[in-house]
Amino acid sequence: MKSLVLSITIGAVLMSSYINAQLDLIFTPGYGVAFTKSNIHAIQDSYSSYILLTENDAPEGITVNADPNFDRKHISDFLSFQLALSGNWVYFGISYMPNKFVQERSVMYSNGYGRTFRWEDKRNEVLFDFGFGSKYIDVFGTFGVNFNKYRMTSYKVYPDGSKSLSNDFYFNGVFKTEDTGLAYGFGIKIKPINFLAIDVRYLYAHHKIFGEYRTSDITEGNLVLTDFSFARSPVMSEFPQDFNAPYSYKNSIAPMFNKHYLTISLIFHYRTND
Amino acid sequence: MTKNLLYILSIGLFALISCEKDDASLGDYELFKRLQSGSGSWKVEQVEVWENTEENPNILTSHPTNDFFHFFIHTQLIADIEVDLEFGSFYTNGMFSWKSKVESETERVSFVTGLVGEGDVWTVELNKKNKQIWSHVNGSVSTRITLIKCNCEFPKPYGEMTG
């Protein structure tokens, strides 16, 4: 509700400025492609350790076939939403970039049993853009906050191909955590014709926010990937960073996943300053 | 006219972004909202049972006549505080069978007991507004149920009305 009121207020302020000035208006869902690189070393370490565990535990005559590790780099299509004013040497806007990246990896025994890990990285970037605005080009810096949700789902796989989250195995589970961080970057908007613009921007989404830098020193802990279900055995509540070490809070994964974005998107704009 | 249209659209756009979504925070069980919507009842349309140790198992399929789940909020008094809990109950042949607290996520639905580590855990294979497919493993036996949203009729309470 607060975000709705804030959005309407900002929208109203921007629109009143627009009505009284000869500025370009940009209000649009944008669609484009995002090249991203995420710092998910802990997830990769965890997956490698699980492969090692299964290889060590494999019965005689049974081989292990594992997918390659989780990717740090992604190319994906994405949607964005923008409300901006441009012209008179000024550019100001707000942008919202929701995005979700999902990866699945399986480690299978040759007898058909195995495990599938599904990693879901769901982010919402809320950005304020300020910079130089003109008829054909806008150049701006962008600054904002990211609200992120992470989910690692760990399924047991059976020879018939079915996947299960039953509580028979304590590796099964839905391990979740959340995080908020600062995001900053820069971008350029090229507006060759009326109604159509190309938005190119680089964004660095950090995993920490103002005031958080010393928080872990005080709390001595982070929100880690955890399964809160009452139906699960408490042997392994946190998703381990190392499957071959004792399962504990110390051997868990905190969401310190910084991310780089390079996005190119097509957006609608309405030119009024011809 | 155009400016007015743009004005409405631009504000509406950001209003839409703020719409409530089927989303969860930590410790929330996001699927429950969908399960309990409307009457909160879901008919068991089909039950499939097979051996999961075989690559191509024979699947036994049945269609119960009047089995359904009911999802609802149950208010309990815990330490003098009223607490809303998410509950699910099951009806066999239209008659109440059992009820328990439920944890419902987009990947998993757990009917939990009062003991840690106990309860029936179902894996969500399909999650649609009016249709759900869940599977359950008990040793080498797998069960898959197909649920369809319904306005199933709950049994009338026992007793007599007298003047």
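Residues numbered from 1 in each chain as written. Chains lettered and ligands numbered in written order. Predicted model: local features only at pLDDT ≥ 70, side-chain atom pairs only at ≥ 80, totals over all residues. Heavy atoms only, no water.

1. So, the environment of T28 of chain A
Point 1. Within the secondary structure layout, T28 of chain A lies in strand β1 (residues 24-38).
Point 2. Along the primary structure T28 of chain A and F81 of chain A are separated by 53 residues, whereas in three dimensions their C-alpha atoms are 5.6 Å apart. (Helix = DSSP H or I, 4+ residues; strand = E, 2+ residues; numbered from the N terminus.)

2. Overview of empty space enclosed by the protein
Residues and elements named next belong to chain A.
Point 1. Following the criterion strictly, the structure yields three cavities of 30 Å³ or more and no others.
Point 2. Here the largest cavity defines a volume of roughly 50 Å³.
Point 3. For the largest cavity, the full set of lining residues is S38, I40, D71, R72, H74, F101, Q103, W119, D121 and K259.
Point 4. Broken down by secondary-structure element, the contributors of at least two residues to the lining of the largest cavity are β4 (90-109) and β5 (114-133).
Point 5. Along the lines of polarity and charge, the residues of the lining of the largest cavity split into three nonpolar, three polar and four charged. (1 Å grid on protein atoms, 1.4 Å probe; cavity = no way out; pocket = protein on both sides within 12 Å on 5 of 7 lines; lining within 4 Å. Points joined across faces, edges and corners; volume = space filled by probe spheres on them. Nonpolar A, V, L, I, M, F, W, Y, C, P; charged D, E, K, R; others polar.)

3. Describing the pairing of strand β6 (residues 108-112) of chain B
All names here are of chain B.
Point 1. The element β6 is largely enclosed, with a buried count of five among its five residues.
Point 2. Of the two faces of β6, the one holding R108, S110 and V112 and the one holding V109 and F111 are both buried throughout.
Point 3. Where strand β5 (residues 95-104) and β6 come together, four bridges link them in antiparallel fashion. Bridge assignment links K101 to a residue of β6, and that residue is V112.
Point 4. Once β5 ends, the chain turns through three residues before running back antiparallel as β6.
Point 5. Following β6, the chain reverses through six residues before pairing antiparallel with strand β7 (residues 119-127); G117 in that reversal takes a positive phi of roughly 85°. (Buried < 20%, exposed > 50% of the residue type's maximum accessible area, 1.4 Å probe, protein only. Pairing = 2+ DSSP bridges.)

4. Focus on the confidence of the model for chain B
A low pLDDT means the predicted coordinates there should not be read in detail.
Residues and elements named next belong to chain B.
Point 1. Confidence along chain B averages 85 in pLDDT terms, with 79% of residues attaining 70 or more.
Point 2. Overall, residues 18-22 carries pLDDT values under 50, and its contacts beyond four positions in sequence, including any with other chains, amount to eight contacts.
Point 3. With a pTM of 0.85, the predicted complex shows an ipTM of 0.83. (pLDDT = per-residue confidence, 0-100. Contact = heavy atoms within 4.5 Å.)

5. Regarding the state of the cysteines
Residue and element names in this part refer to chain B.
Point 1. Per the counting criterion, the structure on display carries one disulfide over all chains.
Point 2. Bridging C150 to C152, the disulfide has an S-S length of 2.0 Å. In this structure, the disulfide formed by C150 and C152 twists by about -110° around the S-S bond and is classed as left-handed.
Point 3. The buried category is assigned to C150, whose relative accessible area is 15%. (Disulfide = S-S within 2.5 Å.)

6. Observations regarding the nonpolar core
Point 1. Membership of the largest hydrophobic core comes to 21 residues, with the highest contact counts inside it found for I43, W119, M152 and L225 of chain A.
Point 2. At the level of elements, α2 (41-57), β5 and β6 (137-157) of chain A are the ones that each hand at least two residues to this core. (Core = buried A, V, L, I, M, F, W, Y, C linked by side-chain atoms within 4.5 Å.)

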